[in-house]
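Here is how the chains run, residue by residue.
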Amino acid sequence: DAKTTQPPSMDCAEGRAANLPCNHSTISGNEYVYWYRQIHSQGPQYIIHGLKNNETNEMASLIITEDRKSSTLILPHATLRDTAVYYCIVRATRGFQKLVFGTGTRLLVSP
Amino acid sequence: DAGVIQSPRHEVTEMGQEVTLRCKPISGHNSLFWYRQTMMRGLELLIYFNNNVPIDDSGMPEDRFSAKMPNASFSTLKIQPSEPRDSAVYFCASSMAGFPRTDTQYFGPGTRLTVL
């Protein structure tokens, strides 16, 4: 079962920052927070992951609260191509731990 | 790198027929995953391999489904006999499992299966 809670949908204007929240109140100390997205008719695409520190890469930033019970994915300047379903997943670091996808957040970026 | 390659991209077959989906993982990756995505159930893991060995097949729906990985560069998912409820998009993903850093899964474009 998915261990995360995300809003079903969000809207964002093109060029503005998109902030996608995720609650993972039962996260364990050895679990990472992963974000993937799925653009229509494509396979899921890895975005970013983190343990407890904030992370940034060329695609996005990940902000994890100090208690690690929630996180926010930030797309700093959303474009129309960022329209997709965004999945927040918690996953242990050790052993062969599978990704469990929930229902995600459907982000619509509009002109 | 070409990424994860899946074939065919689309498959339409009739109920009762055998269906074989194919996957070539990213070169150098040691883990391979098969997922199925439907509107009703979302994206669910069917089976995954590490170093060509099946590790967890608890997601395989029933005996009609089987998966093999004869070598590090090829895997198949077979459905025999196929049923209309098997209609879905099937994704293959691969990763380089390591410790202690976590591994990132890279997904293929998927095979859209329609069973009439």
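Before any of the text, the structure's been laid out above.
Residues numbered from 1 in each chain as written. Chains lettered and ligands numbered in written order. Predicted model: local features only at pLDDT ≥ 70, side-chain atom pairs only at ≥ 80, totals over all residues. Heavy atoms only, no water.

Draft legend 1. Representation of the interface of chain B and chain A. Of the residues lining the interface, 20 residues belong to chain B; the matching set on chain A comes to 20 residues. Where chain B meets chain A, there are 0 salt bridges. For the pair chain B and chain A, the number of links is 2 residue pairs in polar contact (both at pLDDT 80 or more). Elements supplying a minimum of two residues to the side of chain B that touches chain A: β4 (31–38), β5 (42–50) and β6 (53–56) of chain B. Per element, the largest residue contribution to the side of chain B that touches chain A is 4 residues, and it comes from β5 of chain B. (Contact = heavy atoms within 4.5 Å. Salt bridge = Lys/Arg side-chain N within 4 Å of Asp/Glu carboxyl O. Polar contact = N/O pair within 3.5 Å; in protein donor to acceptor, adjacent residues only side chain to side chain. Helix = DSSP H or I, 4+ residues; strand = E, 2+ residues; numbered from the N terminus.)

Draft legend 2. Focus on the packing of aromatic side chains. Within this structure, the stated rule accounts for 12 aromatic pairs over all chains. When the ring of Y34 of chain A is compared with that of Y46 of chain A, the centres are 6.3 Å apart and the planes differ by 65°; the resulting orientation is edge-to-face. Of this pair, Y34 of chain A sits in strand β3 (residues 31–38) while Y46 of chain A is found in strand β4 (residues 45–50), placing the two residues 12 residues apart along the sequence. As far as burial versus exposure is concerned, Y34 of chain A and Y46 of chain A are alike and both buried. Judged by centre distance (6.5 Å) and plane angle (80°), the ring pair of F91 of chain B and F107 of chain B falls under edge-to-face. Here F107 of chain B lies in strand β10 (residues 106–107) and F91 of chain B lies in strand β9 (residues 88–95), a separation of 16 residues in the sequence. We note that F91 of chain B, like F107 of chain B, is buried. Ring-pair connections join several aromatic residues into one group, and the members of that group are Y34, Y36, Y46, Y87 and F101 of chain A together with F33, Y35, Y48, F91 and F107 of chain B. (Phe/Tyr/Trp six-rings, centres within 6.5 Å; stacked < 30°, edge-to-face > 60°. Buried < 20%, exposed > 50% of the residue type's maximum accessible area, 1.4 Å probe, protein only.)

Draft legend 3. Spatial organisation of the state of the cysteines. Per the stated rule, a full pass over the model turns up 2 disulfides over all chains. One disulfide in the model links C23 of chain B with C92 of chain B; its S-S distance is 1.9 Å. In this structure the cystine formed by C23 of chain B and C92 of chain B twists about its S-S bond by roughly -70°; its chirality is therefore left-handed. Of this pair, C23 of chain B sits in strand β3 (residues 19–24) while C92 of chain B sits in strand β9, and the two are 69 residues apart along the sequence. On the basis of relative accessibility, which here comes to 1%, the residue C23 of chain B falls in the buried class. Of the residues examined, C92 of chain B reaches a relative accessible area of 0% and is grouped as buried. Looking at the unpaired C12 of chain A, the closest cysteine sulfur is the one in C22 of chain A, lying at 18 Å. Looking at C12 of chain A, the relative accessible area reads 9%, which means it is buried. (Disulfide = S-S within 2.5 Å.)

Draft legend 4. Broad picture of the sheet that holds strand β2 (residues 18–23) of chain A. Residues and elements named next belong to chain A. Overall, antiparallel pairing links the 4 strands, which are arranged β2-β7-β6-β5 in an open sheet. Only two strands of the sheet have a single partner each, and these edge strands are β2 and β5 (55–56). As judged from the 4 bridges shared by strand β6 (residues 61–64) and strand β7 (residues 70–75), these two strands associate in the antiparallel manner. Among the inter-strand pairings, L62 is bridged to a residue of β7, identified as L73. (Pairing = 2+ DSSP bridges.)

Draft legend 5. View of the environment of G50 of chain A. All names here are of chain A. For G50, the location among the structural elements is in strand β4. Look at G50 and you get buried, because its relative accessible area is 1%. Each C-alpha atom, one on G50 and one on I63, is 8.7 Å from the other, the two residues being 13 residues apart in sequence. In contact with G50, not counting residues within four places along its chain, are Y32, V33, E55, L62 and I64.

Draft legend 6. Broad picture of the pairing of β6 of chain A. Residues and elements named next belong to chain A. In the sheet, β5 pairs with β6 via 2 bridges, with the strands oriented antiparallel. Considered in β6, the bridge of E55 is made with L62. Linking two consecutive strands that pair antiparallel, namely β5 and β6, is a turn of 4 residues. The turn linking β6 back onto β7 is made up of 5 residues, and R68 within it adopts a positive phi angle of 65°.

Draft legend 7. Seen up close, the pattern of salt bridges. Residue and element names in this part refer to chain B. Within the structure shown, the criterion is met by 10 salt bridges over all chains. A salt bridge links D86 to R64, with the shortest nitrogen-to-oxygen separation between them at 2.6 Å. Taken together, the residues span a long stretch of sequence, with D86 in the loop between β8 (74–79) and β9 and R64 in the loop between β6 and β7 (65–71) at a distance of 22 residues. On the accessibility criterion, D86 (2% relative accessible area) is buried. On the basis of relative accessible area, R64 is assigned to the buried category, the value being 9%. Here the salt bridges share partners, and the residues they tie into one network are E62, R64, E83, R85 and D86.

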